[in-house]
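Secondary and tertiary structure notes
Listed below, chain by chain, are the residues.
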Amino acid sequence: MSIDIMDDVFDKALSSPGLVQDPSVLRSDYIPDRLPFREEQIRTVAEILAPILKNSKPSNLLLYGKTGTGKTAVTHRVLERLQKAATKTPKQMTFAYCNSRVAGTEYRVLSQLANAIGVEIPFTGLALSEVFARIIKHINQSQTNVIFTLDEIDFLVKHSGDDLLYEFTRSNSEIFPASLSLVGISNDLQFKDLLDPRVLSSLSEEEIVFTPYTADQLRTILNERALLAFPPGQVSQAAVNLCAALAASEHGDARRAVDLLRVAAEIAERKSAASLEEEHIRLALQHIEQDRIGEAVHSLPLHAKLLLTTIMLNQDSQSTGEIYESYRKLTETIRTESLTQRRVSALLAELDMLGLITTSIVSKGRYGRTKSIYTQVPKTRLRDLLTADPILKDLKLPY
Ligand SMILES: Nc1ncnc2c1ncn2[C@@H]1O[C@H](COP(=O)(O)OP(=O)(O)OP(=O)(O)O)[C@@H](O)[C@H]1O
Ligand SMILES: [Mg+2]
């Protein structure tokens, strides 16, 4: 790009007022003051945690519901208010929050809790039980009531099992008269199956379910957000309606709705549009969809990539057996051991869940039924994504 062109771009950015007044409002970690359609959940979480203000232990609480249904937003809002209320009493209490996915390991989850209550522990080196013992000792000595929120708790359980949660549940009997309550948040509805029954019954003393938003509800949420982010009249109602309908088409996911609005606003700004219209929402959808597929393929394990390659290489849809045969040949070509048919079936189910392949059941009359599998991702794009993997880059792919 020549210097003049860049000056042009930057001058334009400086001189035009821009469509978005306050971009931070469109970020997905922004939590608005009002959370419509979540009044009931807010009240219930508040009621369950309120006993801490009277020096008694709140029940452990499990919040679950699909992604983008306001679990994190509701929890943050309630804890923020609780913190405020806590300043009105001389009682000791601490509210700690940790996102397990961001923290990554059990050790880091525990160190965040330790830091929040003022216990110093080294970055690594201690056994988990030792860190836990120090936390309990400190809580007892300082006679503090603690609420620990563990967001995306399913990540922790899937990667490290439920040992840490087991320690938490056992700690109840060791902490007195202070207390440690746990608020767990998960968007994986099946994660409860992974828990030891004792852990589950303790963690879910109380449970709150967050249901997906309807398209109408998303429209209200988006309209409120648009009022905060854009100058009046800069977003057409048709654009908001489309955005809400698209975000509700899989499940009513407010994050997806706000993301669409943000990306659409960026596109409209780049085009120097006077207002945000339906066409920008459509372009944003394409953009987000492409990003999603790229990310999904990029983070697949090698054998899932090999399966996707096999599926891509065949014109027509194939049965699971045919795919397994071609996959085995492909593993021989790259001198890798193949996985068992059972593992392959599990990987196919995962690819299906990620929307990278489509599976349908075909009836073969008296020969029974068989699965038919194909991909709808454009093959040239898939080739580019797959050959970005160093192990697959030398495969001679026809597309
Ligand atoms: N009722 C609501 N009103 C306004 N904005 C909302 C509402 N519910 C969710 N949002 C917004 O949608 C986005 C996603 O919400 P949040 O992070 O709470 O979802 P989540 O249920 O925690 O999802 P995940 O399981 O993926 O973590 C945030 O930007 C949040 O501010
Ligand atoms: Mg969340």
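Just so it is clear, the model here is predicted, and its values are computed rather than measured.

**Some thoughts on the sheet that holds strand E4 (residues 179–186)**
Working definition: the strands of a sheet are paired by backbone hydrogen bonds and lie parallel or antiparallel to each other. Taken together, 5 strands build an open sheet; the order of strands is E2-E3-E4-E1-E5 and the sheet is parallel. Two strands bound the open sheet, and with one partner strand each, they are strand E2 (93–99) and strand E5 (206–210). For this sheet the average axis-to-axis angle between neighbouring strands, irrespective of direction, equals 15°. Both strand E1 (residues 61–65) and E5 contribute to a ladder of 5 bridges, which runs parallel. Counted as the bridge partner of Tyr-64 is Val-209 from E5. Across the sheet, helix H3 (residues 71–86) is in contact with E1, E2, strand E3 (145–151), E4 and E5; its angle to E2 comes to roughly 160°. Running over the sheet, helix H7 (residues 153–160) touches E3 and E4 and is turned about 90° from E4.

**Details of the site of ligand 1**
Taken together, 19 residues lie around ligand 1, and Pro-36, Thr-67, Lys-71, Thr-72 and Tyr-213 are the ones closest in. Within the side chain of Tyr-213, one N or O atom sits 2.6 Å away from a nitrogen atom of ligand 1. Measuring from an oxygen atom of ligand 1, one finds a side-chain N or O atom of Arg-255 at 2.9 Å. Sorting the residues of the shell around ligand 1 by element identifies H3, helix H10 (215–229) and helix H12 (254–270) as the ones contributing at least two each. In terms of residues, the shell around ligand 1 owes the most to one element, H3, which gives 3 residues. Looking at the shell around ligand 1 residue by residue, the class counts come to 8 nonpolar, 7 polar and 4 charged.

Reading guide: rules and limits
Residues numbered from 1 in each chain as written. Chains lettered and ligands numbered in written order. Predicted model: local features only at pLDDT ≥ 70, side-chain atom pairs only at ≥ 80, totals over all residues. Heavy atoms only, no water. Pairing = 2+ DSSP bridges. Helix = DSSP H or I, 4+ residues; strand = E, 2+ residues; numbered from the N terminus. Axes fitted to C-alpha atoms, helices over the stretch in contact; angles between N-to-C directions. Contact = heavy atoms within 4.5 Å. Near = heavy atom within 4 Å. Polar contact = N/O pair within 3.5 Å; in protein donor to acceptor, adjacent residues only side chain to side chain. Nonpolar A, V, L, I, M, F, W, Y, C, P; charged D, E, K, R; others polar.

None of the figures reported here should be taken as evidence of function without further support.
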